[in-house]
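Listed here are the chains, written in short residue letters.
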2 protein chains.
Amino acid sequence: MAEPVADFYAVIPAGGIGSRLWPLSRADAPKFLHDLSGSGSTLLRDTWDRLEPLTGPDRIAVVTGRAHRAAVEKELPGVPDKNVFLESEPRDSTAAIGLAAAVLARREPDVIIGSFAADHVIRVPHLFDWAVRQAIEVAREGYVCTIGMPPTEPSIGFGYIRKGAELIVDGAPEASLVASFVEKPDLETAKEYFADRTYLWNAGMFISRADVLLGEIAEQEPQLYAGLMDLAEAWDDREQRGPVVDRIWPTLAKVAIDYSVAEPAAQRGRLAVVPGHFDWDDVGDFASLAKLNSHGRKNDLAILGENARILSDAASGIVVSQTDRVISLIGVRDIVVVDTEDALLVTTSEHAQRVKGVVDALKLTGRGDVL
Amino acid sequence: MAEPVADFYAVIPAGGIGSRLWPLSRADAPKFLHDLSGSGSTLLRDTWDRLEPLTGPDRIAVVTGRAHRAAVEKELPGVPDKNVFLESEPRDSTAAIGLAAAVLARREPDVIIGSFAADHVIRVPHLFDWAVRQAIEVAREGYVCTIGMPPTEPSIGFGYIRKGAELIVDGAPEASLVASFVEKPDLETAKEYFADRTYLWNAGMFISRADVLLGEIAEQEPQLYAGLMDLAEAWDDREQRGPVVDRIWPTLAKVAIDYSVAEPAAQRGRLAVVPGHFDWDDVGDFASLAKLNSHGRKNDLAILGENARILSDAASGIVVSQTDRVISLIGVRDIVVVDTEDALLVTTSEHAQRVKGVVDALKLTGRGDVL
């Protein structure tokens, strides 16, 4: 691979718990702190390792909750203190990425930033590298650039990006404008999108100049923008940071960056896209975790867990073992079994999206001890 | 109910582990030591309580393994020492029941004995009582008498008894001869049997004079009979019993009483039957356990476990909880989940009979620690 890009900074928002992966993902063991791909390291660490060739070791920022600080620093022992942005509470992705953008732009006005989720699985790193390098060149021209994934099936689990006119940008031969940004479709629509090769999956990666991103936020969410500016001004002053965070952070609007930046930018012809030719999975639920770990063989039983003791007879799906118990599966197809010390989940791939509902129900019924 | 029957003695073979109910049933916690019916007491205790009105408290013998002695005596605190028959190892039902018959016949030559499994569920005790009292009157005439259950479905899980000519016996208006004794049929045959009202299920209950039973054993299994005689002679002599048991018991043929007594007796017109109008279930596997505990409502999720913490969404079947873990079931139909400290089973009602195969596989693969 080529040298790091001198004016580029990566931002990893490491926030979401991943409720659809309960009881594997927990408040104190969120998705990004698990090895879900069988790589031998956590998703967060894999994300870092993928970005480092693009940035060098000192230019990757992580935005995470105060509760995860120790775990994050343990996973990323090389991370400079100034690159760890701690949230006192979750305020969604515009606040998280916007904070990093605002602080980094104060430190380095022309910086280009790219935000990459801490909990996605990406294979074939050199193709990822190639896509990001193209996106950086597009960002240099003043666009917000995203990386769109060519669909491999008519998924209803992702938003879609419709490609518009090609862009002529040096170093980014595959760049296009984004014609529109569309929400998760129904199955019929997803099939149309899948047949029509102009649609890509939105993988939630955004690359842009920090000041361009902040300008988009200012346009759509002026109050949120003002808050970010106040935070950035105080951030690098050890004495001021604490009080300003305490005062401002809890007041910031909770809004996803898809809505505050990507959709409006697309409407105004300011959103670009380059395709990602790498394997990508957001591991959104146990169905995708099963697929990811069974190597596409439908009758396989994927097993996660270093010390798993599994006995299966005509079983397929996925079993996640975090205890030393013997687990026997007989004649269960597309099953999802997640065995942890204090909670057990049994469902099927078909119902994997409903796991979040269990988490909500556990909160409501006072059983939050297992969340 | 009427008074106990003066010359009647009940024998409860409490031997089988119930491998099809693993991991609930274990070598050290066999089926008969569980409350599977929701009665609040173990199947063994329920069996005792059902028999006591027929025998009085001092005339119920239990044949069990040495390892279960303490548990059995804890469940049945009133059992006289002379009524506990300990097996040094399992030698199947002819040896178990034959031993009790031989010893009881020496103590009381005209005794009538009835053998009743320790791990069946029976509801409506006065109808059970009525069937046994009829069977005792038939046994008094020199027959081996069984209690046959009118089928409630074309089951392939039970053997069938075909009724023959009616018997004229005082006090047993429903008695018939048994025309034949047939093995577990295939589904087609089971449907024919179910349509033809002359077939009853074999519930494995046999009532006869002890000497008649021993005579049948002598006819079919002369060596086994000789061994039982030697055991009986030594049994009530504290000094002799141990050495004789050690010498003879391990040599006895392992044969089910269905084969050694019931089938040959049926062929010679010496087996009779009275119908049982009570609810009966042998709780042979988790499918029947689910049915037993869901009160026949197909969409119910039956829950066993005093401290079960279950969250279910569109789930049916059965969950057995022996831990304090939260168990979440989403969209799984006819599921069987058995959650114990060291083993977890996930299967479906359809595959419930295959659980025994898991137990065999665990033995073979050196994981007998969870059996």
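Just so it is clear, the structure is predicted and the values come from calculations on it, not from any experiment. Along each chain, residue indices are assigned from 1 in the same order as the chain's sequence is written. Here chains are named by letter from A upward and ligands by number from 1 upward, in the order in which they appear as written. pLDDT decides what is reported in this predicted model: residues at 70 or higher carry local features, side-chain atom pairs at 80 or more are listed and counted, and totals for whole chains, interfaces and linings draw on all residues regardless. Water and hydrogen atoms play no part in the side-chain values, which are based on all heavy atoms of the structure.

Right, let's talk about a negative patch on the surface for a bit. A cluster of like negative charges, contributed by Asp186, Glu188, Glu192 and Asp196 of chain A, occupies part of the molecular surface. Note on conventions: DSSP H or I runs of at least 4 residues are helices, E runs of at least 2 residues are strands, and numbering of each starts at the N terminus. Along the polypeptide, Glu188 of chain A turns up in helix 5 (residues 187–195). What goes into a patch is any residue over 30% in relative accessible area without a salt bridge, connected to like charges within 9 Å or, for nonpolar side chains (Val, Leu, Ile, Met, Phe, Trp, Tyr), within 5 Å. Areas reported here follow the Shrake-Rupley algorithm with a probe of radius 1.4 Å; residue values treat only the protein chains shown as occluding. In the sections that follow, a salt bridge refers to a side-chain nitrogen of Lys or Arg positioned within 4 Å of a carboxyl oxygen of Asp or Glu. Counted charges follow a simple rule, with Lys and Arg positive, Asp and Glu negative, and His plus the chain ends left uncounted. Charged groups are reduced to one reference atom each: NZ for lysine, CZ for arginine, CG for aspartic acid, CD for glutamic acid.

Another point: the domain arrangement of chain A. All names here are of chain A. Under the domain assignment, chain A is made up of domain 1 (8–281) and domain 2 (286–370). We call two residues in contact whenever any of their non-hydrogen atoms come within 4.5 Å of each other. Contacts between domain 1 and domain 2 engage 16 residues on the former and 22 residues on the latter. Simply put, the buried area is the total loss of 1.4 Å probe accessible area from both parts when two parts are fitted together. Both faces combined, the contact of domain 1 with domain 2 buries some 1600 Å², and carbon together with sulfur accounts for 60% of it. In terms of surface lost to domain 2, no three residues of domain 1 exceed Arg20, Trp22 and Leu24, which account for 41% of the buried area on that side. Here Lys291 and Glu153 are joined by a salt bridge, their closest N and O atoms 2.9 Å apart. Side-chain atoms alone can form a polar contact between residues adjacent in sequence; in general such a contact is a pair of N or O atoms within 3.5 Å, and within protein one must be able to donate a hydrogen while the other accepts it. Inspection of the domain 1/domain 2 interface yields 7 residue pairs in polar contact (both at pLDDT 80 or more). Ten residues, namely Ala, Val, Leu, Ile, Met, Phe, Trp, Tyr, Cys and Pro, are considered nonpolar, four, namely Asp, Glu, Lys and Arg, are considered charged, and the remaining ones, Gly among them, are considered polar. Looking at the side of domain 1 that touches domain 2 residue by residue, the class counts come to 6 nonpolar, 4 polar and 6 charged. Domain segmentation is taken from an automatic or database assignment of domains.

At an RMSD of 0.0 Å, chain A and chain B line up after a rotation of 180 degrees and a shift of 0.0 Å along the axis. The two molecules are tied by a two-fold rotation axis, judged by turn and shift. Taking C-alpha positions as the reference, the residue of chain A nearest the rotation axis is Val346 of chain A, at 4.2 Å. Most of the interface of chain A is mirrored in chain B, where 100% of its interface residues are also at the interface. The superposition of copies rests on a least-squares fit of C-alpha positions from residues with pLDDT of 70 or more in both.

Right, let's talk about empty space enclosed by the protein for a bit. Grid spacing is 1 Å over the protein atoms alone, the probe is 1.4 Å, and a cavity is where that probe fits but cannot get out, while a pocket is an open set with protein on both sides within 12 Å along at least five of seven lines and lining residues have an atom within 4 Å of a point. Grid points are joined across faces, edges and corners, and a volume is the space filled by probe spheres set on the points. Within the structure shown, the criterion is met by 3 cavities of 30 Å³ or more. A volume near 50 Å³ is recorded for the largest cavity. Lining the largest cavity, in full, are Thr47, Arg50, Phe116, Ala117, His120, Ile122, Phe128 and Met205 of chain A. For the lining of the largest cavity, the per-class residue count stands at 5 nonpolar, 2 polar and 1 charged. Approximately 40 Å³ is the volume found for the second largest cavity. Lining the second largest cavity are Thr47, Arg50, Phe116, Ala117, His120, Ile122, Phe128 and Met205 of chain B. By residue class, the composition of the lining of the second largest cavity is 5 nonpolar, 2 polar and 1 charged.

For the rest of this paragraph, the subject is the UniProt feature "domain: MannoseP isomerase/GMP-like beta-helix" (unreviewed entry) in chain A. UniProt positions are given in the numbering used here, feature names are shortened, and annotations may be inferred rather than shown by experiment. Residues annotated by UniProt as "domain: MannoseP isomerase/GMP-like beta-helix" (unreviewed entry) correspond here to residues 316–362 of chain A. In the segment residues 316–362 of chain A, helix accounts for 17% and strand for 45%; the C-alpha atoms at its two ends are 28 Å apart.

All right, on to the packing of helix 3 (residues 92–107) of chain B against helix 7 (residues 222–235) of chain B then. Describing two packed helices takes the angle between their axes plus the distance from one axis to the other. All names here are of chain B. As a rule, the C-alpha atoms of each element are fitted with a line to give its axis, helices using only the stretch in contact, and angles between N-to-C directions run from 0 to 180 degrees. It is at 9 Å that the axes of helix 3 and helix 7 come closest, and there the two elements cross at 50 degrees. Regarding the angle of helix 3 to helix 7, the classification is oblique. The handedness of the crossing between helix 3 and helix 7 is right-handed. Contacts from Thr94, Ala95, Gly98, Leu99, Ala102, Val103, Arg106 and Arg107 of helix 3 reach helix 7 at Leu224, Leu228, Met229, Leu231, Ala232, Glu233 and Trp235. Considering only residue class, the contact of helix 3 with helix 7 consists of 10 nonpolar, 2 polar and 3 charged. Between 65 and 115 degrees an angle is taken as roughly perpendicular, under 35 as roughly parallel, over 145 as roughly antiparallel, and anywhere else as oblique. For a crossing to be left-handed, the near helix must be turned anticlockwise from the far one by less than a right angle; the clockwise case is right-handed.

A few words on the packing of aromatic side chains. Think of it this way: a Phe, Tyr or Trp ring, Trp meaning its six-membered ring, pairs with another when their centres are within 6.5 Å, and the plane angle makes it stacked under 30 degrees, edge-to-face over 60, tilted otherwise. Scanning all chains against the criterion turns up 18 aromatic pairs over all chains. The interplanar angle of 10 degrees and the centroid separation of 3.9 Å between the aromatic rings of Tyr193 of chain B and Tyr199 of chain B together place this pair among those described as stacked. Any residue under 20% of the maximum accessible area for its type is buried, any over 50% is exposed, and the rest in between are partly exposed; the area is computed with a 1.4 Å probe on protein chains only. The buried category is assigned to Tyr193 of chain B, whose relative accessible area is 12%. Among the aromatic residues, those joined into a ring-pair cluster are Phe116, Phe128 and Phe278 of chain A. A ring is considered to have a charge above it if a Lys NZ or an Arg CZ atom is located within 6 Å of its centre and within 35 degrees of its normal. Sitting above the plane of the Tyr143 of chain A ring, Arg270 of chain A keeps its charged end 4.7 Å from the centroid.

Let us now look at unusual backbone geometry. At the junction of Trp22 of chain A and Pro23 of chain A, the peptide bond is cis and its omega measures out at 5 degrees in the coordinates. Along the polypeptide, Pro23 of chain A turns up in the loop between strand 1 (8–14) and helix 1 (43–55). Here the phi dihedral of Val124 of chain B falls at roughly 65 degrees; this positive angle occurs in a residue that is not glycine. Structurally, the position occupied by Val124 of chain B is in the loop between strand 5 (121–123) and helix 4 (125–140).

Residues and elements named next belong to chain A. Running from N to C, helix 3 (residues 92–107) and helix 6 (residues 210–220) point in directions that differ by 135 degrees, and their axes come no closer than 9 Å. It follows that helix 3 is oblique to helix 6 by the angle criterion. In this structure, the crossing between helix 3 and helix 6 has a hand that is left-handed. Of helix 6, the residues touching helix 3 (which contributes Thr94, Ile97, Gly98, Ala101, Ala102 and Ala105) are Ala210, Leu213, Leu214 and Ile217. Here the residues of the contact of helix 3 with helix 6 sort into 8 nonpolar, 2 polar and no charged.

This brings us to the sheet that holds strand 17 (residues 343–348) of chain A. If you trace the 6 strands from one edge of the open sheet to the other, you get 12(A)-14(A)-16(A)-17(A)-15(B)-13(B), paired in mixed fashion. Among the strands making up the open sheet, the edge pair consists of strand 12 (301–304) of chain A together with strand 13 (309–313) of chain B. Taking the axes of each pair of neighbouring strands and ignoring which way they run, one obtains an average angle of 10 degrees across the sheet. The sheet contacts of helix 10 (residues 286–293) of chain A involve strand 12, strand 14 (317–321), strand 16 (335–339) and strand 17 of chain A, and relative to strand 14 of chain A the element is tilted by about 95 degrees. Packed on one face of the sheet, helix 11 (residues 355–364) of chain A meets strand 17 of chain A together with strand 13 and strand 15 (326–330) of chain B and runs near 140 degrees to strand 15 of chain B. Only strands that DSSP links by at least two bridges are regarded as paired with each other.

This part covers the pairing of strand 14 of chain A. All names here are of chain A. Counting buried positions over the 5 residues of strand 14 gives 5, a clear majority of the element. The sheet contact formed by strand 12 and strand 14 spans 4 bridges and is parallel. Along strand 14, the bridge assignment pairs Leu304 with Val320. Two elements, strand 14 and strand 16, share 5 bridges in a ladder whose sense is parallel. If you follow Val320 over to strand 16, its bridge partner there is Val338.

If you walk across this open sheet you meet the 6 strands as 13(A)-15(A)-17(B)-16(B)-14(B)-12(B), and the pairing is mixed. Sheet topology places strand 13 (309–313) of chain A together with strand 12 (301–304) of chain B at the edges, where each strand pairs with a single neighbour. Put simply, the sheet's adjacent strands are angled 10 degrees from each other on average, direction ignored. Relative to strand 17 (residues 343–348) of chain B, strand 16 (residues 335–339) of chain B is paired through 5 bridges, and the arrangement is antiparallel. Within strand 17 of chain B, the residue paired with Val337 of chain B across the bridge is Val346 of chain B. Helix 10 (residues 286–293) of chain B rests against strand 12, strand 14 (317–321), strand 16 and strand 17 of chain B of the sheet, and its axis sits at about 95 degrees to strand 14 of chain B. In the packing of helix 11 (residues 355–364) of chain B onto the sheet, contacts are made with strand 13 and strand 15 (326–330) of chain A together with strand 17 of chain B, and the angle to strand 15 of chain A comes to roughly 140 degrees.

The partner chain B presents 36 residues to the 36 residues of chain A that form the contact. Across the chain A/chain B interface, buried area totals approximately 2800 Å², and carbon plus sulfur atoms make up 59% of it. The largest per-residue losses of area from chain A upon contact with chain B belong to Arg325, Ile330 and Leu344 of chain A, which jointly make up 25% of the total buried on that side. At the boundary of chain A with chain B, the tally comes to 6 salt bridges. One salt bridge connects Asp339 of chain B with Arg325 of chain A, and the closest N-O pair in it is separated by 2.8 Å. Across the contact surface, chain A and chain B share 22 residue pairs in polar contact (both at pLDDT 80 or more). Looking at the side of chain A that touches chain B, the elements that each hand over two or more residues are strand 13, strand 15, strand 16, strand 17 and helix 11 of chain A. By residue number, the principal contributor to the side of chain A that touches chain B is strand 17 of chain A, which donates 6 residues. Of the residues belonging to the side of chain A that touches chain B, the class tally is 20 nonpolar, 7 polar and 9 charged. Across 4 bridges, the pairing between strand 17 of chain A and strand 15 of chain B is parallel.

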